[in-house]
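Next come the chains, spelled out residue by residue.
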Amino acid sequence: MTVPATRAEDADAPPLVEMRGIHKHFPGVHALNAAELVVHPGEVVALLGENGAGKSTLMKVLTGIYRRDAGEVRVDGRAVEHWGGRS
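Every residue gets a number counted from 1 within its own chain, in the order that chain's sequence is written. Where totals are concerned, whole chains, interfaces and linings use all residues; where local detail is concerned, this predicted model gives features only for residues with pLDDT of at least 70, and gives and counts side-chain atom pairs only at 80 or more. Hydrogens and waters are ignored; side-chain quantities use all the structure's heavy atoms.

(A) Representation of the sheet that holds strand β1 (residues 17–26) in the model. Here, any two strands with at least 2 DSSP bridges between them count as paired. Starting at the N terminus, helices and strands are each numbered in turn, a helix being any DSSP run of H or I of at least four residues and a strand any DSSP run of E of at least two. Strand order in the open sheet formed by four strands is β2-β1-β3-β4, and the pairing between neighbours is antiparallel. At either end of the open sheet lies a strand with only one pairing partner, and these are β2 (29–39) and β4 (78–79). Here five bridges tie β1 to strand β3 (residues 70–75), and the two strands are oriented antiparallel to one another. Each residue of the ladder has a partner; that of Val17, found in β3, is Val75. Packing of helix α1 (residues 55–63) onto the sheet brings it into contact with β1, β2 and β3, and relative to β1 it is tilted by some 115°. The contact definition used throughout considers only heavy atoms, calling two residues in contact when any of these lie within 4.5 Å. Angles shown run from 0 to 180 degrees and are taken between the N-to-C directions of axes, each axis being a line fitted to C-alpha atoms and, for helices, limited to the stretch in contact.

Have a look at this one:
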């Protein structure tokens, strides 16, 4: 049986997901302007905001559906380049 690590045990672990300085432009719209998201092991995160705030765009950048214009994405401490998608 595997027991999940507690937050104290993960203190030295890198974030599971780290998005820093993410920018995304579409024609006539700056959808993301230096957006950031950091998720550490054991955390539960909700992404909230008004319509048009960029929530879906940020998740599409994370999943590779959209290519970011600037910024860095790291998963398990490793830099992730674009892995596919349309924009």
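(B) Representation of the nonpolar core in the model. Residues belong to one nonpolar core when they are buried, are Ala, Val, Leu, Ile, Met, Phe, Trp, Tyr or Cys, and are joined through side-chain atoms within 4.5 Å. Only protein chains enter the accessibility calculation, which uses a 1.4 Å probe; a residue is then buried when its area is under 20% of its type maximum, exposed when over 50%, and partly exposed in between. In terms of nonpolar packing, the biggest core is built from 13 residues, with Met19, Ile22, Leu32, Leu58, Val61 and Val73 touching the most fellow members. Where this core is concerned, the elements lending two or more residues are β1, β2 and α1. Considering each element in turn, this core owes the most residues, four residues, to β2. With near-sequence residues (within four places) excluded, Val61 lies in contact with Met19, Ile22, Leu32, Tyr66 and Arg68.

(C) Main features of the side chain of Arg68. With respect to the helices and strands, Arg68 occurs in the loop between α1 and β3. On the basis of relative accessibility, which here comes to 17%, the residue Arg68 falls in the buried class. Among the polar contacts made by the side chain of Arg68, one reaches the main-chain carbonyl oxygen of Val80 at a distance of 3.0 Å. Excluding residues that lie within four positions of it along the chain, Arg68 makes contacts with Ile22, His23, Val61, Val73, Val80 and Glu81. Polar contacts, as used here, are pairs of N or O atoms within 3.5 Å; protein pairs need one atom able to donate a hydrogen and one able to accept it. Residues neighboring in sequence count only if both atoms are side-chain atoms.

(D) Representation of the pairing of β3 within the structure. Across two bridges, the pairing between β3 and β4 is antiparallel. In the sheet register, Arg74 faces β4, and the bridge partner there is Ala79.

(E) Structural view of the packing of aromatic side chains. Pairs were defined over the aromatic rings of Phe, Tyr and Trp, the Trp ring being its six-membered one, requiring ring centres within 6.5 Å. Orientation was assigned from the angle between planes: stacked under 30 degrees, edge-to-face over 60, tilted for the rest. For the structure shown, the criterion picks out one aromatic pair. Consider the rings of Phe26 and Tyr66, whose centres lie 5.2 Å apart with planes at 70°: the pair is edge-to-face. One end of the pair, Phe26, is in strand β1; the other, Tyr66, is in the loop between α1 and β3, and 40 residues separate them in sequence. On the basis of relative accessible area, Tyr66 is assigned to the buried category, the value being 12%.

(F) Structural context of unusual backbone geometry. The phi dihedral of Ala34 is positive, around 60°, even though this residue is not glycine. Within the secondary structure, Ala34 sits in strand β2. Given the relative accessible area of 39%, Ala34 is considered partly exposed. Despite not being glycine, Asp76 shows a phi value in the positive range, around 55°. Assignment of secondary structure puts Asp76 in the loop between β3 and β4. You can call Asp76 partly exposed: its relative accessible area is 39%.

So, to be careful, I would describe these as geometric facts and stop short of saying anything about function.
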